[in-house]
Amino acid sequence: MKKIIAIAAAAAMLFAASEASAQVIVGAGYVNSTTTSKVSDNKASSDANGFYVGASYNIPLVGGLGLAPGLYYEFLGSSSKKDAGIFSAAGTTTEHYLNIPVMVNYSFGLASDCSLFAFAGPTLEYGLASSTKLEASAGGISGEKTVNNYDADEYGRFDCLLGLGVGFNIKAFQVKVGYDFGMVNRYTGSSDKASLHRNQVHLGVAYVF
């Protein structure tokens, strides 16, 4: 019984020490996303640019190892246009996501106020909204329409991204770059020969409290 109490007390002290040295990290950055679609043997890709903003909570585990769950908002936008004589068509897509990353990180001290770190882990992603504004004109007559991309029941809201990256801390400031691989087929239609995956690269800055 005394051993169990001693182990529980040690675990509580370790948790309290971790909580005392935990860090709140608030950051924002740039995102470049590439969506690759495949139908049978035909592939196509499209790029979108945007930003993210949010916060994470880094909990030290042992040595330089830490665990950082977070909550982020991400916005992406892309556009395309085609002209063929008197006919022209354009489309603008905007997407809003809620991301929940859980990153394992390891930090290497370089100096008293500077450190290098690497991170890896999954990010659960939920599509809040996705719409495309279509515009067309021919012979002076024009029209437009906005489509909710989730209405067709072929574009899934959920994804799981597997990410990795590196960064460095200078005093209370942090800079990092990473890459996320989309693990879930976002195409939810009936065809078993179609797939849709999204990968992204992100570069950001943050302040560590």
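Structure shown above.
Every chain is numbered on its own, with residues counted from 1 as its sequence reads. For a predicted model such as this one, the threshold for reporting local features is a pLDDT of at least 70, and the threshold for listing and counting side-chain atom pairs is 80 or more; totals across whole chains, interfaces and linings nevertheless cover every residue. Note: side-chain values were computed over all heavy atoms of the structure, leaving out hydrogens and water.

## As for the pattern of salt bridges
For this document, the term salt bridge refers to a Lys or Arg side-chain nitrogen within 4 Å of an Asp or Glu carboxyl oxygen. Counted according to the given criterion, the structure contains four salt bridges. One salt bridge in this structure joins E125 and R186, with 4.0 Å as the shortest N-O distance. With E125 in strand β5 (residues 114–138) and R186 in the loop between β8 (173–182) and β9 (194–208), this pair connects stretches of sequence that are 61 residues apart. The residues E125 and R186 share a single accessibility class, namely buried. Salt-bridge contacts for E144 lead to K133; the nearest nitrogen and oxygen are separated by 3.9 Å. With a gap of 11 residues between them, E144 in strand β6 (residues 141–148) and K133 in strand β5 connect regions that are remote in the sequence. Judged by its relative accessible area of 56%, E144 falls in the exposed class. Linked by salt bridges that have partners in common, E74, E125, R186 and R198 make up one network. To qualify as a helix, a DSSP run of H or I must reach at least 4 residues; to qualify as a strand, a run of E must reach at least 2; elements of each kind are numbered from the N terminus. Think of it in three bands: residues with accessible area under 20% of the maximum for their type are buried, residues over 50% are exposed, and the middle band is partly exposed, with areas taken using a 1.4 Å probe on protein chains only.

## Topic: the pairing of strand β7 (residues 158–170)
Side chains of β7 alternate between two faces, with D159, L161, G163, G165, G167 and N169 buried and F158, C160, L162, L164, V166, F168 and I170 left unburied. Two strands make a pair as long as DSSP finds a minimum of two bridges between them. Bridge count between β5 and β7: 13 bridges; the pairing is antiparallel. Within β7, the position partnered with L124 by the bridge is C160. Where β7 hands over to β8, the hairpin turn is made up of two residues, of which K171 adopts a positive phi near 55 degrees.

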